[in-house]
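Residues per chain are reported as follows:
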Amino acid sequence: MIKNNETINKIIRVAIYIRVSTEEQAKHGYSLGSQLTRLKEYCKQKSYKIIEVYTDEGKSARSKLKLRTELLRLIEDVKAGKIDRIVFWRLDRWFRNIADYYKVQEILEANNVDWECSDEEYNTTTSNGRLHLNIKLSIAQNESDQTSDRIKFNFENMIKSKKAICCTHSCPFGYKVEGEKGNKHVVKDKEKEEMVNFIFDTYELNNNYRQTTILFNKKYGYSTDPTIIKKMLKKTIYYGEYKGVTDYTEAYITKERWNKIQEMLPNNVKKNKNHEYIFCGLIICKHCGRKMSGSTNRSYQRYTCKKNKEAKVCPNTKQITQNRLENYLLFILEDLQKLEVDSIAKEKEDKNTIDIEKETSKIDKKINRLNELYIEGHISKEKYDKDITIFQKQKTEFLSLKRKKKKEKEIINLPNDAIELYKMLNSENKRNFWKKYIDYIEFDYTKDNIEDRITIILK
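Quick notes on the rules
- Residues numbered from 1 in each chain as written.
- Predicted model: local features only at pLDDT ≥ 70, side-chain atom pairs only at ≥ 80, totals over all residues.
- Heavy atoms only, no water.
- Salt bridge = Lys/Arg side-chain N within 4 Å of Asp/Glu carboxyl O.
- Helix = DSSP H or I, 4+ residues; strand = E, 2+ residues; numbered from the N terminus.
- Buried < 20%, exposed > 50% of the residue type's maximum accessible area, 1.4 Å probe, protein only.
- Pairing = 2+ DSSP bridges.
- Axes fitted to C-alpha atoms, helices over the stretch in contact; angles between N-to-C directions.
- Phe/Tyr/Trp six-rings, centres within 6.5 Å; stacked < 30°, edge-to-face > 60°.
- Lys NZ or Arg CZ within 6 Å of the ring centre and 35° of its normal.

Participant: I tried to follow the pattern of salt bridges on my own but got confused; where do I start?
Facilitator: Side-chain pairs of opposite charge can arise where the charged atoms are in close proximity. Enumeration according to the criterion identifies 18 salt bridges in this entry. Among the ionic pairs, glutamate 70 bridges to arginine 73, the shortest N-O distance being 3.0 Å. Of this pair, glutamate 70 and arginine 73 both sit in helix H3 (residues 69–79), three residues apart, roughly one helical turn. Lysine 190 is the partner of glutamate 193 in a salt bridge, and the nearest nitrogen-oxygen pair spans 3.8 Å. Overall, the relative accessible area of 22% leaves glutamate 193 in the partly exposed class. It is possible to trace a salt-bridge network through shared partners that takes in Glu52, Glu70 and Arg73.

What follows is the structure in structure tokens.
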């Protein structure tokens, strides 16, 4: 589009705009280099002064305007008055969408900037010329739509056949493309498998994708952004599903584990640098039932009974240090990870394994029957007290055994390198780790050893 009010001696400041999508370059040879060479020669013949070259590489003319970053930069320079004319190779290099064309055209006209093609001629000063332009844009848009539908159809068929629709460099982290032409598949990248597992394991432990990113970058020397890790945690491909196709590729985690992570993401725990007490709110004084509070003495953290500290009414005057409790819990964790898998497998093979739920239910029925007998006067108080004590003791033992089984199950489900990952966490995320598995820790000051003083109740 050229205006007719140019003066012969005026130097026309032009911007060269070139664009090519990856598919076009491969199929038709519309390379950026060939476009640029042609346009520079054209400007030389016209005695235009080239101000800047704007290059949108790998971008479709149907791409949203916000994705064509060089076009947006060009528009800003138009508004700044740096340009008199825009030159491009052909109209389809500029736009294939009528609506977007007129949005940009309105900006150009407001700033007295026109455009022209090096290999096509358009005249927008007449109604016939404008009609010709609209027809040309409509044809280009229809061709683009048909191409888009064809590509979409081919991609859908390839995905259903579990074939790769991308190349290795555009695969999700931890995957690559292997196979011969026409039969390529997305498979695990064994060189990055450890790193992917580290990301998922670490996030599950600390529930903080920013902290996970810091630990990942530190361990493997990357400079990954937290938003990238967050997006990675949401991708279904890591449990093998892609665009609704199950078993599309090898999975890193189970779907159940992926669903658990999705539930954790909205509650991503914020890092608190000032929080040093990793068992705050978890330790309960057995004698008064109050939570024990944390305090710092010189260089170590400790926990004391709030009721004794504030009102001096609890007999519990003892304290427990954070390091000692933490080391004890880690010892239990490591010991169970190594030993309990075999013992549980053996227990499953044992035909005489006790059904805890069933036995507990039997005791509840006995207690109810005993209560009825006592109320109806069929047994003495002495008999009632004796029997109820026995039944309650049995029930307590079964419940204790149930908690132990639950504890074993929970700890065994942790990653194999859970202890190594745990030691890399900050104080706040260590606290989140224990809160995930522990309901509370009961502290009995009358016992001598920490093994006897501490009772762990898991969730």
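Participant: For this particular structure, what's the right way to read the sheet that holds strand S8 (residues 292–297)?
Facilitator: By definition, the strands of a sheet pair up through backbone hydrogen bonds, in either a parallel or an antiparallel sense. Spatially, S8-S9-S10 is the arrangement adopted by the three strands of the open sheet, whose pairing is antiparallel. Here the strands that pair on one side only, and so sit at the sheet edges, are S8 and strand S10 (319–321). Put simply, the sheet's adjacent strands are angled 30° from each other on average, direction ignored. With six bridges connecting them, S8 and strand S9 (residues 300–305) associate as antiparallel partners. Considered in S9, the bridge of serine 293 is made with threonine 304.

Participant: Even after reading the chapter, I still don't get the environment of threonine 304, so can you show me in this structure?
Facilitator: By the element assignment, threonine 304 lies in strand S9. The class for threonine 304 is buried, based on a relative accessible area of 15%. Taking the C-alpha atoms as reference, threonine 304 lies 4.8 Å from glutamine 319; in sequence the two are 15 residues apart.

Participant: Is there a simple way to explain the packing of aromatic side chains in this structure?
Facilitator: Taken as a whole and judged by the stated rule, the model has 22 aromatic pairs. Seen in terms of ring centroids, tyrosine 242 and tyrosine 248 are 5.1 Å apart; in terms of plane orientation they differ by 35°. Their pairing is tilted. Under the relative-accessibility criterion, tyrosine 248 is labelled buried at 5%. Three or more aromatic residues joined by ring pairs form one cluster here, namely Tyr17, Phe88, Trp94, Tyr101, Tyr102 and Trp115. We note arginine 90 situated over the ring of tryptophan 89; from NZ or CZ to the ring centre the distance is 5.3 Å. We note lysine 188 situated over the ring of tyrosine 252; from NZ or CZ to the ring centre the distance is 4.6 Å.

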